[in-house]
Amino acid sequence: MYSMMSGNSTMQMASNTDVWTKMLDNETLLHSQYDLLAGSWPKNYNEVVLIATEDNEISDYTLYALGLKDQKELEKKWNAVQKGEEISEEEQTSYTYEELLDLSFKLILNSDYYQKENGVWLDKSDDDEYMKNRLSEAEEIKVVGIIRQNDQTVAASMAGGIGYLKELEEYVINKSNDAEIVKEQNENKEINVFSGLKFPTDEERNANFDYNSLSNEQKMAMSRLSSEQIAQMMEAYTENKNASYEKNLEKLGAIDLDKPTSISIYPKNFEAKEKISTAIEEYNQKQRDEGKEENVINYTDLVGIMMKSVSQIVDIISYVLIAFVAISLIVSSIMIGIITYISVLERTKEIGILRAIGASKKDISRVFNAETFIIGFISGLLGIGITMLLTIPINSGIYAITGVAVKTMVPPVAGVVLVLISMFLTIIAGLVPSKMASKKDPVEALRTE
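Residues numbered from 1 in each chain as written. Predicted model: local features only at pLDDT ≥ 70, side-chain atom pairs only at ≥ 80, totals over all residues. Heavy atoms only, no water.

Here we look at the overall build of the chain
For clarity, the cut-off: Secondary structure counts use DSSP, requiring at least four H or I residues in a row for a helix and at least two E residues in a row for a strand, with both numbered from the N terminus. Only protein chains enter the accessibility calculation, which uses a 1.4 Å probe; a residue is then buried when its area is under 20% of its type maximum, exposed when over 50%, and partly exposed in between. Working rule for contacts: check all heavy atoms of both residues, and any pair within 4.5 Å makes them a contact. Using the Shrake-Rupley algorithm and a 1.4 Å probe, accessible areas are obtained, with residue cover drawn only from the displayed protein chains.
When helices and strands are counted, the chain shows 17 helices and ten strands. Looking at the 449 residues of the chain, the share that counts as buried comes to 31%. In the chain, of all internal contacts separated by at least 6 residues, the share reaching a separation of at least 24 is 76%. Accessible area for the chain stands at about 29400 Å²; split by element, carbon and sulfur atoms hold 56% of it.

Structure below.
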């Protein structure tokens, strides 16, 4: 069973009325954020998926919008909210995967609501017979899969509802652009296709309807219209006062793909984001230097804005940690030097014996340097090993507290470098005591008890 947890439909309606969401055009990123519960991922433009949250929840508004619940109930609730009345919470509803995968929708374009009659395009959305014919001819959109936000995703690209491919968006745009009403509007940019009148100038927007100002062809066309059609045309005339060529194209869903108003860029990592930002800045600077301010790109780096403050905090914490680490390294180096010096004092007689049997000053120095080298190597390995073991409970603890799977680990290269640093510091700390040991007089050393 696929559980649908009920929520406040009115609040959902007020906060998010867009049930249909375009999916990211990156399968790797998309599959990393969502798990496929049933069915398959969409492959064609007319295939979509139903999106649930990580808790298998879908908002009531989505259920109403998809037709799984009676939309009249939503209208009643919305009216009740406007009147200040309380709304009772709905009971939990559940559906099987088969029921959800059996969902399908009909694609009706904005231009499909209009039909040309006697030279004027009229809104036929209230004509049941007309809309039935349109629905029977419309493209069918099929739900082929059900996906859910996985546990590892902190911020998903889609919150819920229906997810569709970019191919569906392109299909809708191309079909809208090829619609007869859109072509007619594009062919004559001065005439409003909804009223048959010219788009008004600023002075004409405040003028009243004047029948005598119509052409003979327009008068003949009006004489053939019914009273209902004339009423619709008069309504269209009223709307024509605020109409424009651009607004009509927007109303019909016509879009020029060669003139986008904005472009969204999704870098695959922070390095790619920096390269993109640098490239845009270099381009903008070049345009400014050439005096072409109109070609300057205005962009908003959303991730950069969020990460800037975070980076500042991280940098401050890093500097503090570096200071503590530097202090600890200095203290540990001094302690290693002291320990080596104590070892030299305790082994003075041993130094005298070694010198007596023929060991040179360099040999004595090498003995103590070798000891500090071994101490540094072993201590470095112990430190890296303990750190690697501690990452296991740390990762588990973070996941148990936050629910986010974190893979904290010591990179092999970093581990090797840390061991080398440990060896280097111990050797440096032991140089002075080893030098002191090599300079001891063998006779005096042998007399030491």
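Comments concerning a nonpolar patch on the surface
This is how it is decided: A patch is a set of surface residues, each over 30% in relative accessible area and not in a salt bridge, joined within 9 Å for like charges and within 5 Å for the nonpolar side chains Val, Leu, Ile, Met, Phe, Trp and Tyr. Here, a salt bridge means any side-chain nitrogen of Lys or Arg that lies within 4 Å of a carboxyl oxygen of Asp or Glu.
A contiguous nonpolar surface patch, about 1100 Å² in accessible area, is contributed by Ile-327, Ile-330, Val-331, Ile-334, Met-335, Ile-338, Ile-339, Tyr-341, Ile-342, Leu-345, Val-432 and Met-436. Examining the composition of the nonpolar patch, we find that ten residues originate from one element, helix H13 (residues 302-346), more than from any other. Looking at where Ile-338 falls in the secondary structure, it is placed in helix H13.

Quick word on the packing of helix H15 (residues 361-402) against helix H16 (residues 412-438)
The relative placement of two packed helices is expressed as an angle between their axes plus a distance between the axes. Note the cut-off: An axis is simply a line fitted to the C-alpha atoms; with a helix, the fit covers only the stretch in contact. Between two such axes, the angle follows the N-to-C directions and lies from 0 to 180 degrees. Working definition: roughly parallel below 35 degrees, roughly antiparallel above 145 degrees, roughly perpendicular at 65 to 115 degrees, and oblique for all remaining angles. Take the far helix as the reference: if the near one is turned anticlockwise from it by less than a right angle, the crossing is left-handed, and if turned clockwise, right-handed.
It is at 7 Å that the axes of H15 and H16 come closest, and there the two elements cross at 150 degrees. Overall, the two elements H15 and H16 adopt an arrangement that is roughly antiparallel. With respect to the hand of their crossing, H15 and H16 are arranged in right-handed fashion.

A few points about the packing of aromatic side chains
Test applied: Between rings of Phe, Tyr and Trp, where Trp is taken as its six-membered ring, a pair exists when centres lie within 6.5 Å; planes separated by under 30 degrees are stacked, by over 60 edge-to-face, and by other angles tilted.
Inspection of every chain in the model, using the stated rule, returns four aromatic pairs. With 5.3 Å between their ring centres and 75 degrees between their planes, Trp-20 and Phe-105 make a pair best called edge-to-face. One end of the pair, Trp-20, is in strand S2 (residues 20-22); the other, Phe-105, is in strand S6 (residues 104-107), with 85 residues separating them in the sequence. By relative accessible area, which is 28% here, Trp-20 ends up partly exposed. Using a relative accessible area of 15% as the deciding quantity, one classes Phe-105 as buried. A ring pair is formed by Trp-20 and Tyr-164, whose centres lie 6.5 Å apart and whose planes are at 45 degrees; its orientation type is tilted.

Here we look at the environment of Tyr-164
With respect to the helices, strands and loops of the structure, Tyr-164 is situated in strand S10 (residues 161-164). As a C-alpha pair, Tyr-164 and Trp-20 span 144 residues in sequence and 7.2 Å in three-dimensional space.

Observations regarding the environment of Leu-381
One can find Leu-381 in helix H15. For Leu-381, a relative accessible area of 44% puts it in the partly exposed group. Linking Leu-381 and Leu-420, residues 39 residues apart in sequence, is a C-alpha distance of 9.8 Å.

Side note on the pairing of strand S4 (residues 47-52)
This is how it is decided: Two strands qualify as a pair provided that DSSP identifies no fewer than 2 bridges between them.
Most of S4 is tucked away, with six of its six residues classed as buried. Where burial is concerned, the two faces of S4 agree: the one with Glu-47, Val-49 and Ile-51 and the one with Val-48, Leu-50 and Ala-52 are both buried. Note that S4 and strand S9 (residues 139-149) share six bridges and pair parallel. Within S9, the position partnered with Val-49 by the bridge is Gly-145. The pairing of S4 with S10 spans four bridges and is classified as antiparallel. The residue of S10 that forms the bridge with Val-49 is Gly-163.

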